[in-house]
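# Report on the structure
Below, each chain spelled out in residue letters.
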Amino acid sequence: MFFVYVLKNSINDNLYKGMTNNIERRLYEHNLGKHKSTKPFIPWVLAHQEEFNTREEARIRELYFKSGEGREYLKKLLDS
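In this report, we go over the structure that sits alongside the text. (Residues numbered from 1 in each chain as written. Predicted model: local features only at pLDDT ≥ 70, side-chain atom pairs only at ≥ 80, totals over all residues. Heavy atoms only, no water.)

### What to know about the nonpolar core
Counting seven residues, the largest nonpolar core is built from Val4, Val6, Met19, Phe52, Ala58, Phe65 and Leu74. Apart from residues lying up to four places away in sequence, alanine 58 is in contact with Phe2, Val4, Met19 and Phe52. Judged by nonpolar contacts, the second largest core, of five residues, contains Phe3, Leu7, Ile23 and Trp44. (Core = buried A, V, L, I, M, F, W, Y, C linked by side-chain atoms within 4.5 Å. Buried < 20%, exposed > 50% of the residue type's maximum accessible area, 1.4 Å probe, protein only. Contact = heavy atoms within 4.5 Å.)

This is how it looks when you write it as structure tokens:
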């Protein structure tokens, strides 16, 4: 199983979108500061996740979330 996830920074509401096969480990790593792009904005909370059978399906969804249309979709989803 593969997961596409959205993390939210509780301080300034930044969003980070990513993909993994182990969501608990990945969130733990982000909050330890192991990733350059998320380290300055610790702490992160899991705001949304979706599960996929293949890496390819998950990658397509991750790229959608990173697009303009996908960002708008996430904004509506997370604001409701």
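Moving on, there is more to tell.
### A closer look at the sheet that holds strand β1 (residues 2–9)
Taken in spatial order, the three strands line up as β2-β1-β3 in an open sheet, and their pairing is antiparallel. Looking at strand neighbours, the two that pair on one side only are β2 (15–20) and β3 (44–52), the edges of this open sheet. Between one strand axis and the next, the sheet turns through 20° on average, direction left out of account. Taken together, the eight bridges between β1 and β3 define a ladder with antiparallel strand orientation. Residue pairing across strands places phenylalanine 2 opposite phenylalanine 52, the latter belonging to β3. (Pairing = 2+ DSSP bridges. Helix = DSSP H or I, 4+ residues; strand = E, 2+ residues; numbered from the N terminus. Axes fitted to C-alpha atoms, helices over the stretch in contact; angles between N-to-C directions.)

### Looking at the pairing of β1
By the criterion of burial, β1 is predominantly enclosed, with six of the eight residues buried. For β1 and β2, the ladder comprises six bridges, and the chain directions are antiparallel. By the bridge assignment for β2, lysine 8 is matched with leucine 15. Taking the residues between adjacent antiparallel strands as the criterion, β1 and β2 are bridged by five residues, where aspartate 13 takes a positive phi near 65°.

### Focus: the packing of aromatic side chains
Following the criterion strictly, the structure yields six aromatic pairs and no others. Ring pairing ties together the aromatic residues Tyr5, Tyr16, Phe41 and Trp44, which thus form one cluster. (Phe/Tyr/Trp six-rings, centres within 6.5 Å; stacked < 30°, edge-to-face > 60°.)

### Let's talk about the pattern of salt bridges
According to the stated counting rule, one finds six salt bridges in the structure shown. The shortest N-O distance in the salt bridge between lysine 8 and aspartate 13 comes to 3.9 Å. Exposure remark for lysine 8: the relative accessible area of 24% places this residue in the partly exposed category. The exposure class assigned to aspartate 13 is partly exposed, which follows from its relative accessible area of 49%. Close ionic contact of arginine 26 with glutamate 29 constitutes a salt bridge, the shortest N to O distance being 3.5 Å. Residue arginine 26 and its partner glutamate 29 are located together in helix α1 (residues 23–32), separated by three residues, close to a single helical turn. Judged on exposure class, the residue arginine 26 and its partner glutamate 29 are both buried. In the salt-bridge network here, residues are joined through shared partners; they are Arg25, Arg26 and Glu29. (Salt bridge = Lys/Arg side-chain N within 4 Å of Asp/Glu carboxyl O.)

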